[in-house]
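Understanding the architecture of this molecule
Below, each chain spelled out in residue letters.
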Amino acid sequence: MNPSFLFDIICTAVWLGLAIHYARKGLLAAVVQIGGNLLSLIGAHQLASWGSGALFDRFFAGSFRERIAVSLSEGGAVDLNRIAQQYAGFLPESIRRQVVEACQRALDGLLTDNALVVADTIVQDVIRPLLTPVFSLVLFFLCFAALRMLISLLVTVLGLVNHLPVLGAVNRTLGMVVGALAGLADVFLGMCVVWALMIISGGNLPLLNEAALGGSLWYQLFNQINPFI
């Protein structure tokens, strides 16, 4: 079976299953769930975006800069492809090439005898763009898990509304509609996990790579709104 088609079936089944799950919880719980999902996704993304850059600048940039400057001072050539492979070899080659080409244009205007300036440019324009998305992924999932835990506690309490007569039936019916939207947020999170696995593995997993999932409608939609690139 075509991997892209199978992937679409799995994503659709998960989405429908989540919609039914939220319908059982009811409208109020589903509204809080979708609001919580969105707030968790946005909050986690904002925290991860800020934290990934700060993490790189605070703990990694100086070390990279010193090592590259020493190598250049000793007469080493500026091989951006080798540097990208050395520090971010787990990323797909297409991503590394795009960053390296952008940095090469910046280096063309620098004096090659100024090792510190060249090293800083390489760190900021090559290594930082390659590694911060990975840091951002890790921080994103950590922040999202913490925020979702708080939302889940509130959803559990609001689920008690389903036990009220009459209101409970309407609550569950409308919960199905809102639950479909809340389920999309969960599927989006799952797509983030899939993309993270593809990045970490360098696209070498048999079914989790661009070639296998390129025809998936869900994956194509995710690529249009991927917050990490």
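Residues numbered from 1 in each chain as written. Predicted model: local features only at pLDDT ≥ 70, side-chain atom pairs only at ≥ 80, totals over all residues. Heavy atoms only, no water.

Quick word on a nonpolar patch on the surface
On the surface, Leu6, Ile10 and Val14 cluster together into a nonpolar patch covering about 240 Å² of accessible area. Within the secondary structure, Leu6 is located in helix α1 (residues 3-25). (Patch = residues over 30% accessible without salt bridge, like charges linked within 9 Å, V, L, I, M, F, W, Y side chains within 5 Å. Areas by Shrake-Rupley, 256 points an atom, 1.4 Å probe, with all protein chains shown as cover. Salt bridge = Lys/Arg side-chain N within 4 Å of Asp/Glu carboxyl O. Helix = DSSP H or I, 4+ residues; strand = E, 2+ residues; numbered from the N terminus.)

Description of the packing of aromatic side chains
Each pair of aromatic rings is reported with the distance of its centres and the angle of its planes. For the coordinates displayed, the defined rule picks out four aromatic pairs. Note on Trp15 and Trp218: the rings are 6.2 Å apart at their centroids and 65° apart in plane angle, and the pair reads as edge-to-face. On the criterion of sequence distance, the pair formed by Trp15 in helix α1 and Trp218 in helix α9 (residues 217-225) is long-range, its members being 203 residues apart. Ring centres of Phe188 and Phe222 lie 5.6 Å apart, and the angle between their planes is 50°; on these two criteria the pair is classed as tilted. (Phe/Tyr/Trp six-rings, centres within 6.5 Å; stacked < 30°, edge-to-face > 60°.)

Here we look at the packing of α1 against α9
Each pair of packed helices gets described by two things: the angle between the helix axes and the distance between those axes. Taken N-terminus to C-terminus, the directions of α1 and α9 make an angle of 75°; their axes are 7 Å apart at the nearest point. Classified by the interaxial angle, the pair formed by α1 and α9 is roughly perpendicular. Here α1 contributes Phe7, Asp8, Cys11, Thr12 and Trp15 to the contact with α9, which in turn contributes Leu217, Trp218 and Tyr219. A breakdown of the residues in the contact of α1 with α9 according to their chemical character gives six nonpolar, one polar and one charged. (Axes fitted to C-alpha atoms, helices over the stretch in contact; angles between N-to-C directions. Parallel < 35°, antiparallel > 145°, perpendicular 65-115°, else oblique. Contact = heavy atoms within 4.5 Å. Nonpolar A, V, L, I, M, F, W, Y, C, P; charged D, E, K, R; others polar.)

Notes on the nonpolar core
Grouped together as the largest cluster of nonpolar side chains are 29 residues, with contacts concentrated most on Phe7, Phe140, Met191 and Tyr219. Of all the secondary structure elements, the ones that give two or more residues to this core are α1, α2 (27-59), α6 (115-158), α7 (167-200) and α9. Among the elements that make up this core, the one with the highest residue count is α7 (13 residues). If you look at the next biggest cluster of nonpolar residues, it comprises 20 residues, including Phe56, Ala84, Ile122 and Val126. (Core = buried A, V, L, I, M, F, W, Y, C linked by side-chain atoms within 4.5 Å. Buried < 20%, exposed > 50% of the residue type's maximum accessible area, 1.4 Å probe, protein only.)

Some words on the pattern of salt bridges
Evaluated as defined, the whole model comprises one salt bridge. For Arg128, the salt bridge goes to Asp57, with nearest N and O atoms at 3.0 Å. With Arg128 in helix α6 and Asp57 in helix α2, the pair connects residues that are 71 residues apart, well separated along the chain. Using a relative accessible area of 38% as the deciding quantity, one classes Asp57 as partly exposed.

As for α9
Of all the residues in α9, the buried ones are Trp218, Tyr219 and Phe222. In a view along the axis of α9, the buried residues occupy a sector of 95°, so they form one face of it. Seen from the buried face of α9, the exposed residues on the opposite side, beyond 90 degrees, are Leu217, Leu221 and Gln224. For α9, the capping residue at the N-terminal end is Ser216, with a side-chain oxygen 3.4 Å from the backbone nitrogen of Trp218. (Arc of directions from axis to C-beta. Polar contact = N/O pair within 3.5 Å; in protein donor to acceptor, adjacent residues only side chain to side chain.)

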